[in-house]
Amino acid sequence: MDEPGGSRRQSLRFLLLYALAAAGGAIAYVPFLTIWLPGRMTQLAGTADVQALGYVTFFGAIAASVGGIGFGWLSDRTGNRRGFVLTGLALTIALLLAVPLAQDIWTLVAIIVAWQLALNMMLGPLAAWAGDCVPDDQKGLLGGLLAFSPALGAWSGALVTWPGLVPNEGRLLVIAALVAAAVLPVLLLGRPRAFADLTAPPPERIAGEPAPHPTGPAIRMWLARLLVQIAEAALFAYLYFWFRSIDPGMHDSEKAGLFSIALTLAVPIALVSGRWADDHDQPFRPLVFSAAVSGLGMIGMAIAGVPDIAKASYLVFAIATTVFLSLHAGQTLRILPRSDRRGRDLGIFNLTNTVPSLIMPWLTISLVPGFGFDALFLLLAALTAIAVFLLATMPRIRPHP
């Protein structure tokens, strides 16, 4: 199943197994955080469910931030990516199954904090492992394959919420089994080709030479992802409540199904875009286009007057944002080539996933009660426009040898 093109290409078999493992992370959190947790919040907090979800999101994001950097750094120091992934997988599943034991908000917060640490023990080293194994001229393909992650997460959400298929009390057990089935194959069967240049330590600095600083492209990529992720985080956390506001009669399975459709359609678009970026040596152009379309989708959501138009605009937003985030994940490895701190640096980039969860609850609580979701979407579209500018003016970067 190897790709043609000689020794400078990673095997397609490993790329597929890796993409499946990355999807295991999405399977772990997408149905849990978008469907199960909001419903549990309503049971425990009643009419204060939106505010309670904000607290859980806030403290969980802090734990994810610390875990991403800390476990990424530890995997750099030990060189044992697989060991951290396996341990994180076991703890993630155990804590996921412990969540129903929480009978009050603060117990639930404590379990979610521990679960976020475990999840990032798995995902941080897993992300760094791709940097150890995938050459630059396959990073677009890698990004395209990573679009399967949110899609499989959404499909798992649709599966566990399908009426009559899985009882409520069995949903988390099914999610845990799916996560294990996704992550274990790459740990047990993954045999990536080794590329010495991808794992070689950086050259030693001459005495007195100043330490290198973050590059302009890295800062631009970090800021652009942060701005897009603020929008994605707002929809991710409050999608349940937004759907309820535009169509109170929507069933959980319909919400999950719409989410699944958007993320499924994003997969072929991301794959084609990623291969195009590799073939034409244009790693950032698909990012510019997808971010721009994402902003247009949010504008449509804000101004739509009927539920069908609002849902269609959401599909545009979700497809474009998924393509952007998937391709961005692959191309980030291009600008963070140092193997001795790859896990730590990716942990810092992971702050673009977690910091929005610290910002977004306060934006939502401040805007939505007084002005509605429309004002929130227009603000998020403006932030996405800044991301488009940052990437459109990105200096050209040559592939690493």
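Heads up: the structure comes first, above all this text.
From a predicted model like this one, the values you see are computed outputs, not experimental measurements.

Caption draft 1: Main features of the side chain of glutamine 331. One can find glutamine 331 in helix α12 (residues 307–335). Looking at glutamine 331, the relative accessible area reads 2%, which means it is buried. Reaching out from glutamine 331, the side chain makes a polar contact with the side chain of arginine 334 at a distance of 2.8 Å. Among all residues touching glutamine 331, those that are not within four sequence positions of it are Lys139, Gly140, Met221, Ala277, Pro283 and Phe284.

Caption draft 2: Structural context of the packing of aromatic side chains. Scanning all chains against the criterion turns up 6 aromatic pairs. Centroid distance phenylalanine 32 to tryptophan 115: 5.0 Å. Interplanar angle 70°. Geometry classified as edge-to-face. Of this pair, phenylalanine 32 sits in helix α1 (residues 12–45) while tryptophan 115 is found in helix α4 (residues 105–133), placing the two residues 83 residues apart along the sequence. The exposure classification of phenylalanine 32 matches that of tryptophan 115, with both residues buried. Ring centres of tyrosine 314 and phenylalanine 317 lie 6.4 Å apart, and the angle between their planes is 40°; on these two criteria the pair is classed as tilted. Here tyrosine 314 and its partner phenylalanine 317 are both found in helix α12, 3 residues apart, which amounts to about one turn of the helix. Taken together through their ring pairs, the aromatic side chains of Phe14, Tyr18 and Trp129 make up a single cluster.

Caption draft 3: Local environment of the nonpolar core. Formed by 116 residues in total, the largest nonpolar core has its most connected members in Phe32, Trp242, Tyr314 and Leu380. Broken down by element, the residue count for this core peaks at 17 residues, all from helix α9 (residues 216–246). The contacts of tryptophan 242, once residues within four sequence positions are left out, are Met301, Ala310, Tyr314, Phe373 and Phe377.

Caption draft 4: Fine view of the pattern of salt bridges. Enumeration according to the criterion identifies 6 salt bridges in this entry. Among the salt bridges present, the one from arginine 344 reaches aspartate 345, with a minimum N-O distance of 2.7 Å. You can call aspartate 345 buried: its relative accessible area is 11%.

Caption draft 5: Structural context of the packing of α1 against helix α7 (residues 171–189). For the pair α1 and α7, the least separation of the axes is 8 Å and the interaxial angle reads 160°. As judged from the angle between their axes, α1 and α7 are roughly antiparallel. Crossing geometry of α1 relative to α7 is assigned as left-handed. For the contact of α1 with α7, the per-class residue count stands at 21 nonpolar, 1 polar and 2 charged.

Caption draft 6: A look at the side chain of serine 149. Note on placement: serine 149 falls in helix α6 (residues 148–161). The contacts of serine 149, once residues within four sequence positions are left out, are Ala19, Ala22, Ala23 and Ala26.

Caption draft 7: Main features of α6. In this model α6 runs 20 Å from its N-terminal to its C-terminal C-alpha over 14 residues, within 8% of the 20 Å that 1.5 Å per residue would give. Listed as buried for α6 are Ser149, Ala151, Gly153, Ala154, Ser156, Gly157, Ala158, Val160 and Thr161.

Caption draft 8: Summary view of a nonpolar patch on the surface. A cluster of nonpolar residues, Tyr55, Phe59, Ile62, Val66, Trp106, Leu117, Trp362 and Ile365, forms a patch on the protein surface that exposes about 730 Å² of accessible area. Residue assignment for the nonpolar patch shows that the elements contributing at least two residues are α2 (49–78), α4 and α14 (351–392). With 4 residues, α2 is the single largest residue contributor to the nonpolar patch. Mapped onto the secondary structure, tryptophan 362 falls in helix α14. Classification of tryptophan 362 by relative accessible area gives partly exposed; the value is 40%.

Cut-offs applied
Within every chain, residues take consecutive numbers counted from 1 along the sequence as written. Totals for whole chains, interfaces and linings use all residues, but because this is a predicted model, local features are given only for residues with pLDDT of at least 70 and pairs of side-chain atoms are given and counted only at 80 or more. Side-chain measures here rest on the full set of heavy atoms in the structure, leaving out hydrogens and waters. Put simply, DSSP H or I for four residues or longer makes a helix, DSSP E for two residues or longer makes a strand, and each gets a number counted from the N terminus. Note on exposure labels: buried denotes an accessible area under 20% of the residue type's maximum, exposed denotes more than 50%, and partly exposed covers the range between, all computed with a 1.4 Å probe on protein chains only. As used in this structure description, the phrase polar contact means that two N or O atoms lie within 3.5 Å; if the pair is within protein, one of them must be able to donate a hydrogen and the other to accept it, and residues adjacent in sequence are counted only when both atoms belong to side chains. Contact criterion: two residues are considered in contact whenever any of their non-hydrogen atoms come within 4.5 Å of each other. Only Phe, Tyr and Trp rings take part, Trp by its six-membered ring, and two of them pair if their centres are within 6.5 Å. Stacked means planes under 30 degrees apart, edge-to-face means over 60, and tilted covers everything else. By convention a nonpolar core is built from buried Ala, Val, Leu, Ile, Met, Phe, Trp, Tyr and Cys residues, the set being connected through side-chain atoms within 4.5 Å. Should a side-chain nitrogen of Lys or Arg be within 4 Å of a carboxyl oxygen of Asp or Glu, the pair is scored as a salt bridge. For helices, the axis comes from a line fit to the C-alpha atoms of the stretch in contact; other axes are also lines fit to C-alpha atoms, and the angle between any two N-to-C directions lies between 0 and 180 degrees. Note that the term roughly parallel is reserved for angles under 35 degrees, roughly antiparallel for angles over 145, roughly perpendicular for angles of 65 to 115, and oblique for everything else. If you view the pair so one helix is near and one far, a crossing is left-handed when the near helix is turned anticlockwise from the far one by less than a right angle, and right-handed when it is turned clockwise. Ten residue types, Ala, Val, Leu, Ile, Met, Phe, Trp, Tyr, Cys and Pro, are classed as nonpolar, four, Asp, Glu, Lys and Arg, as charged, and the remainder, Gly among them, as polar. Expected span of a helix: the number of residues minus one, times 1.5 Å. Excluding any residue in a salt bridge, patches collect residues exceeding 30% relative accessible area, merging like charges within 9 Å and nonpolar Val, Leu, Ile, Met, Phe, Trp and Tyr side chains within 5 Å. Here the accessible surface of atoms and residues is derived via Shrake-Rupley with a 1.4 Å probe, and residues count as covered only by protein chains that are part of the display.

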